[in-house]
Each structure stands twice: as C-alpha cells, then as structure tokens.
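# Understanding the architecture of this molecule
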Amino acid sequence: MARPVSYNIKEKPLEKDISIVDMPDGYQGEGFFATKLGDVVGLARKNSLWPLPFATKCCGIEFMATMASHYDLARFGAERVGFSPRQCDLLMIIGLISKKMAPVVKQVYLQMAEPRWVMAIGACASSGGIFDTYSVLQGVDQVIPVDVYVPGCPPRPEAILDGFMKVQEVVGKESLRRRNSDHYKKLLESYGIQ
Amino acid sequence: MALSNEYIKQRLQATFGEDVYGFEEPYGMLTFETKPEQNLKLMRFLFDEPALGFQFLTDLTAVHYPAYKGRELAVVYHLHNLVENCRIRFKVFVPTEKPDVFSVTKIFEAANWLEREAYDFYGVNFVGHPNLIRIQNVDEMDYFPLRKEYPLEDQTRIDKDDEMFGRGGTFDFGNRHPDGSPMTIPAAEKAE
Amino acid sequence: MSTTEKHITLPEGSIEKTTTKINLGPTHPATHGVFQNILELDGETIVSAEQTIGYVHRAIEKIAERRPLYQITPLTDRLNYCSSPINNMGWHTTCEKLLGIQTPKRVDYLRVIIMELARIADHLICNSIVGVDAGAYTGFLYLMQYRELIYEIWEQVCGARLTTNIGRIGGFERNFNNIAFEKLEKFLAEYPKALKEFENLFVRNRIFMERTIGAGPISAERALNYGFTGPNLRAAGVDYDVRVHTPYCSYEDFEFNVPTGTTGDCYDRFLVREEEMWESLKIIEQAYRKVQEFKGAEAEVFHADVPEYYLPEKKDVYTKMEALIYHFKIIMGEVDMPPGEVYHSVEGANGELGFYLISDGGRSPYRMHIRRPCFIYYQAYEELVKGSMLSDAIIVMSSLNLIAGEMDG
C-alpha cells in the first residue's frame, strides 16, 4: 500500500517580504559595526558566487533542472552562470571527465583567477563513477584540487544545492591569507600547477 | 514483403557464385559472409540493382574472434532497404597480421566515421578511407583497446582491490577461455 | 588534436586572403555536451569544419562484455540521457528477441507510455535549447517545469529521475501504482496548454523564423546517404519511423501520424519535433485508455513469465523454493544465454537506436555494439554549415540534438 506522497510538509512561514543573510559576528555600537575583515569579505563572496558549469554528461541535465525554476539556483546568488573562466569563481565539474578531456579541464582551471573553488558534481567527476575503464579519469581530483564533492548518479537537484551551500560555507570561512600560504602553494605544486 | 531472403540469396549466388557463402537466417535476418576483396563490389551490386536496392547503411562494426586463427577480425555490415523494409547483414573476415578491408565511403558517406571507429577499437585498416585516424580514444594511444587481450580497467590505479568484484584476482564471471575465445563457437560459424 | 594545420587560401573576390581558424568547443556554452569543431572562416562565412569527438568516451561496448544482461541496462541509460527509458526499453526488447520472450499486452502498453513520455522529454529539451541558442530563454524555463512532471512519473515507477534503469527483461520491476496514474493524468491535463503556449511563442515568431529558416538544409538523398534517421531525416522529407516500419512493443495497435518536413533546415526540424510531441501525447492517451481496460487479474500483470531472467519478487524468494533458486542463479550470473546474433532497433528520440548483440552461449555478450544515431549524423555537420555564417552554425548544432553521451560511449 503506497503512502500518499507530499513534498514540503513543514512549510516555513514567510516572516518578511525579503530574506536577507545574517550579519557576521561583531561588536556593534551607535553608528559603527566592528568585525573581522575576513568575515565581511567571505560574506560578500559567498553570496555572489559566479559559477562556471563545466557540464559534460547526464549530470548536466540535472544541473539544468537545478538552474530552472523548480529548484532555483539563482536564490543563492548564482544568477549569472558564466562560461568564461576568467570571470568565474566556482568551477563546477559536472559529469565524467575522460583522459582526452583532462588537459582541457586543467587549462580551464589555470585560466581562472584566484580565489577559485572547484566543486565535483556526480560520481563520475568525484571518482570515475560506474565507468572503471581505460579511458575514464578516475576522479577529476587527479588533475585539479577539488573543494566539495557531490555524490550521486546523477545527484538530485537538492543534493547539488546542498553541495553549493557547503561551498558557500567554505568560501565564507576562508582566511584572507590562504591563497598566499605555503600550504596552498604545496597543494598546487602537487598537481603540477605553479 | 515483396523482397524475400530466398530471392536475395538466389541473386547473390547468381552474380557472385562461390564468393558468397555461409548463408543463415538468425532471427529472420539474412546473414552471409564474403571474401574481403569482394565487399565493395558486393555492396555496389546491392546498392545499384533495382530489384534489391539496399541503399541505407544501418551499421558497420567490427568483432574480434581470437579463436579463429587467420580470420580474427570481422567487419559486419548491416544494410536496409527502406522501400521494401528488408534488412541483411554480411561479414568479411580478415587476419590480424594484414587487416586490410576496402572502405565503402564512396558508396555511403555514413561509413566514414563508422570505419574510423572500427579502426580505433580494433585496428582494421580500411584501404581508401579519406581520413583514417582515431576518433574516440586519445590520439597518442598505441594499441587497439577493444581487442580481447587488453584489459578493461585503467591499469595505473593502485588503490582498488577488485578481487571480490570479479576482476584482478582469480574470480571472473567465467565467461570465456583465457585467450578470449568464446565458450561455444556457433555451429554455422565453423566455416573451416 | 586536429590534422589540418594549414590555413586555406581563398580565391579572388573573397573578403579575406586566408581563412581564420577558430575553435568551437569542447567547452562552450552552446555545445550541449563536449565535442569540438574547428571552423575555418572567411570573414564570418564558414569555409570548412572539422569535428573532434570522443571527449566522453567510456568504452561501454567493452564494459558490456563483462556484465550479464541485466547489468548492461544502467550502461544504456547513459547513452541518450535526456530520454533514457527509450534506451532501456530498446535493450530489453533486444534481449527479449534473443531469448525468445513474448511480453503480455499490458506490459507493452505500459512500455509505450513510458517511451513516449521519454520522447516528449527529449524533444522538450531540444526545442527549448534551440530557443535558448536563438536568444529566447523563457521557453526553456516554461518547459523544464513539465520535465519535472515527467520525472515524477518515472520516479513512481522506478525510483530515479534521469538515468532511470527502468524495467527488466520481460516487463517492469513493479506494477504502476495509483499515484503514478494520477500523476500521468495530471500531466495529460496540464501539458497541452503549456505546449500550446510554447508554440505561440516560437512557431510564428518572425525573429525565430528568420533565424532558423534556411539554416543548415539537407536534401533527402544526401540525408539517406549520411545515415540520418529520426526527426532530422523526417524533416528532410523521408517518413522513415521504426515504430511504423518494424513495430515493436505493440506499436501497431496505436494510431498516430508521422510528421515530415520539406527542406530539412532548422525550422523544419523544430516543427517536426513539435508535431511529434503532439503525436506522442495522442499515443499516451490511447495507451492509457487501453491499460485501463484491463480488469481483475489481468490488471496485475506487469511482467512476462520468464523465471530464468526475471528476478522473482522478494516475498516469493523467502517462501518458495523455485523462486529462491532462480534468485540465486540470476544474481550470481549462472544463467546462460542461447548463442546467436541479433540486431534490433527502436525509434529513439534522435533516430534509429540499434543494438547488435552477439552471444556465444556464456553469461555476458560476446560483442555488443550500439548503433548510435547521433554519432552517424554528426558527420554531416560540415555539409550542413558550409557557406553559412557562424551564428547559423550554432543553431544547426543545437537543432540536430547532439547528445555527447550517445556520440561517444
């Protein structure tokens, strides 16, 4: 006996007309607000990420569904999906990367300007997925460093949104000095990127 | 349908005699074999002859039979007569040492990439093809991956233990002999 | 990765002296999937185009040599992923042809419903993306909403949205429940209005017509020679539809038309796909009525009686001996196939999707080859765009409905 299906049973009532993100922690007084610079910059960056969808296969269709009106990605600030790596912050690798495609991915990653983040969406991008063959790269993290992995084959749009929110957490908490630190330089060198 | 398998067989044997052999009809589709030198002539005959009129190339592929010595690589053509709704299939067998087959791109433009794919996967050399280079795999690859002797997986991985999944260790699905030959060679294909 | 390194010198009277070579892809907002075109341009007119594919090559044919038949279905899903149930049903009907299984009528009608929904889903994407490439984003947003309704119907049957792995050899894994039929009725009620609205936006829209009429035409003879099938061939004027020619899955019980075009350009392809969506709606309504006519015990039939290939239900596995034995045999891969070779084709959303299966009597195929329509007709791209401008090249590429998973693989 199938139970009746319903979505969104716990509806959150709308408090205000516009929802605004929370303020970072800080010390407030009359006419001033003191907080860490990293927090403010992180707040600004994470709510206005410009993604580059590098869609290769079936996960790309789920990404298109995420961008469409039912599961809207624009509410998270990612309204403008750009296709030029020079202008984007977040490289979303959606779908399988084969060995023929790996140099292309690396070139696109190198063209991006710091700070840049990478999200691997789908089982194929995270680890090769169901295709354990000679021509498939077993995970895009063999050529570029990845920040967030979203598993699924294909992941539901809710999962992609969850991954996006985790990227927002990573972006919001990142220290301003990370990109010049030794740790980051060592990470890039291990991939052969200068 | 007006065009029956019997009629096609009669016309082929009348024109080509001993060069077409191995006639059988698995699941209703007439299948036969011909010598590698004849494939272009045969296809031209099937294309031009008004009563036969097989003017649509449905598929072109290659198969590797390591068990048949001297006839390892087979190129299989599927043709379709759209007007009479009749399909046929014919094969040519070539040895691995000299896998030369005439290219049929002059008759069907569709054969261009199909032959490139057969070359890429199996190493069949199509003589007369305008641009015979690899199509699906990386250009620098130096072996023909879909032949039976090459493994499926990426050999450079060191972090996987596949013994329980049927590869790498001693357990395989037990599907074929170690040299890649099939378990049962169908009776009609024992053309020796 | 290309072999033509030289620029082509142009004859007298051309705009430039030599051609400019630009690289379109493999990552480009307009390529739906990854394939590369190296175009030689004279000003903005295209002189030659060379294609490179294989960026998503997964060697599905080699993987299939290792798997028993039912494990190949998830691989076939990922060919034309916009309409994966058609690929699954195509593979299952091929296996049924090899094994000599006859499916009951109710299974056939349910399969027809699922396949026609998949065809609508694929044409939805193609037509709305043609709109997006011509600059009209709104149509895409309107129609993706109806793709969500189709996904919900598939979810009720098989549990997955996109790569469905729907059905088994011999039928379906579970009966369609009431919720699935309710959602189907909701779809049949709401979708025609949305499609009419989409048509009003595009079909007699002057800008769209001027963009697409005359872009990438092909004549019927050249199309047949290039191996075109499906809506692209029907737009050129040849009414070849596998559902009518060699009916499978009881398609002969349904009445539908096969729309054809005349010139084979982008506008004709767009219109052929629109009309096919209306025809698919007709087929789904007829199939739904036919399914509802089954009453009583017949209404519970959702698979053929082939215990050797169809996984038995769990309650039988726990209680009956034969079901336990068959369950063990199927899962451990101990069921052999009869030796032989079979070629079977279905009408995919892009054309004739064929499966050539050679079995040697073992548990997995000796050779499985998939006749992929996208792979075959993409060769004609150079002939379609020669002499037209760069923006036409983009529209032609999207109106051909090239899906990278089907081209490589």
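Each chain carries its own residue numbering, running from 1 in the written order of its sequence. To read the labels, note that chains go from A and ligands from 1, taken in the order they are written. With pLDDT at 70 or above as the cut-off, local features in this predicted model cover only qualifying residues; side-chain atom pairs require 80 or more to be listed or tallied, and sums for whole chains, interfaces and linings still use all residues.

This part is about the overall build of chain A. Along its length, chain A carries 6 helices and 6 strands. Listing each helix as α and each strand as β along chain A from the N terminus yields β-β-α-β-α-β-α-β-α-β-α-α. Projected onto the principal axes, the alpha-carbon positions of chain A cover approximately 65 × 60 × 25 Å. Exposed residues have 12 or fewer other C-beta atoms within 10 Å of their own C-beta, buried residues have 20 or more, and residues in between are partly exposed; the C-beta atoms are placed from the backbone. For chain A, with 194 residues in total, the buried portion stands at 38%. Contact definition: two residues whose C-beta atoms, as placed from backbone geometry, lie within 7 Å. When contacts within chain A are restricted to residue pairs at least 6 apart in sequence, those whose partners lie at least 24 apart make up 77%. Strands here mean DSSP runs of E at least two residues long; helices mean DSSP runs of H or I at least four residues long; both are numbered from the N terminus.

The next point concerns the overall build of chain C. Broken down by element type, chain C carries 17 helices and 6 strands. Radius of gyration means the value over C-alpha atoms here, while the globule rule gives 2.2 Å times the residue count to the 0.38 power. Since a compact globule built from 409 residues should have a radius of gyration of about 22 Å, the 23 Å found for chain C is in line with a globular shape. Viewed in the frame of its principal axes, chain C has a C-alpha envelope of about 85 × 45 × 35 Å. Looking at chain C alone, contacts between residues at least 24 apart form 69% of all its contacts between residues at least 6 apart.

A separate point is the pairing of strand β5 (residues 86–94) of chain B. Residue and element names in this part refer to chain B. Strands are treated as partners if at least two bridges between them are detected by DSSP. In this structure, strand β2 (residues 30–34) lies alongside β5, joined through 5 bridges in parallel fashion. The partner of threonine 34 across the bridge, within β5, is valine 92. Both strand β4 (residues 73–81) and β5 contribute to a ladder of 9 bridges, which runs antiparallel. The residue bridging tyrosine 77 from the neighbouring strand is phenylalanine 90, located in β5.

This part covers the interface of chain B and chain A. Reports often express the size of an interface as the amount of accessible area lost when the parts come together. Chain B puts 7 residues into the contact, and the matching count from chain A is 7 residues. When its residues are assigned to classes, the side of chain B that touches chain A shows 3 nonpolar, 1 polar and 3 charged. Put simply, Ala, Val, Leu, Ile, Met, Phe, Trp, Tyr, Cys and Pro go in the nonpolar bin, Asp, Glu, Lys and Arg in the charged bin, and everything else, Gly too, in the polar bin.

Attention now goes to the sheet that holds strand β1 (residues 20–24) of chain C. All names here are of chain C. Strand order in the open sheet formed by 3 strands is β1-β2-β3, and the pairing between neighbours is antiparallel. Either end of the sheet is taken by a strand with one partner, and the two such strands are β1 and β3 (45–52). Along the sheet, successive strands turn relative to each other by an average axial angle of 20°, direction set aside. Two strands pair when backbone bridges link them, and strand β2 (residues 36–42) and β3 are joined in this way by 7 bridges, in the antiparallel orientation. Bridge pairing in β3 places glutamate 40 opposite serine 48. For helices, the fitted axis covers only the stretch in contact; all axes are lines through C-alpha atoms, and the angles between them, taken along N-to-C directions, range from 0 to 180 degrees.

Let us now look at the interface of chain C and chain B. The partner chain B presents 35 residues to the 40 residues of chain C that form the contact. Here the element with the most residues in the side of chain C that touches chain B is strand β4 (residues 340–347) of chain C; it accounts for 4 residues. Looking at the side of chain C that touches chain B, its residues break down into 15 nonpolar, 15 polar and 10 charged.

The omega torsion across glutamate 114 of chain A and proline 115 of chain A is -10°, close enough to zero to call that bond cis. Looking at the element boundaries, proline 115 of chain A is found in the loop between α3 (102–111) and β5 (117–121). Phi is positive for asparagine 85 of chain B, which is not a glycine, with a value near 60°. With respect to the helices and strands, asparagine 85 of chain B occurs in the loop between β4 and β5. Overall, asparagine 85 of chain B belongs to the partly exposed group, with 14 C-beta atoms counted inside 10 Å. Despite not being glycine, alanine 59 of chain C has its phi angle at roughly 55°, a positive value. Within the element layout of this structure, alanine 59 of chain C appears in the loop between β3 and α1 (60–63).

This part covers the nonpolar core. If you look at the biggest cluster of nonpolar residues, it comprises 205 residues, and the most contacted ones within it are Leu91, Ile93, Met119 and Ile121 of chain A together with Val124 of chain B. With 16 residues, helix α4 (residues 105–133) of chain C is the largest single contributor of residues to this core. Those residues in contact with valine 124 of chain B, other than ones at most four positions away along the chain, are Ala62, Leu73, Val75, Val94, Pro99, Val101, Ala118 and Tyr119 of chain B. Any nonpolar core is a set of buried residues, restricted to Ala, Val, Leu, Ile, Met, Phe, Trp, Tyr and Cys, that join up through C-beta atoms within 7 Å.

Residues and elements named next belong to chain C. Confidence of the predictor in every single residue is expressed as pLDDT, which spans 0 to 100. Averaged over all residues, the pLDDT of chain C is 88; the fraction at 70 or higher stands at 97%. The spread of mean pLDDT over the elements of chain C runs between β1, the lowest at 86, and helix α11 (residues 266–292), the highest at 93. Both confidence scores are given for the complex: pTM 0.89, ipTM 0.88.

All names here are of chain C. The antiparallel open sheet is built from 3 strands, whose spatial order is β4-β5-β6. Looking along the sheet, the strands with just one partner apiece sit at the ends: β4 and β6 (367–371). Averaged over all pairs of adjacent strands, the angle between their axes in this sheet comes to 10°, without regard to strand direction. Strand direction decides the pairing type here: β4 and strand β5 (residues 352–359), joined by 8 bridges, are antiparallel. Considered in β5, the bridge of serine 345 is made with glycine 354.

Before going further, it helps to spend a moment on the pairing of strand β3 (residues 51–55) of chain A. Looking along a regular strand, one sees side chains alternate from face to face of the sheet. Residues and elements named next belong to chain A. With 5 of 5 residues buried, β3 lies mostly within the body of the structure. Here β3 shows no split at all, with Pro51, Pro53 and Ala55 on one side and Leu52 and Phe54 on the other all buried. Sheet topology note: the β3/strand β4 (residues 90–94) ladder contains 5 bridges and is parallel. Bridge pairing in β4 links proline 51 to leucine 90.

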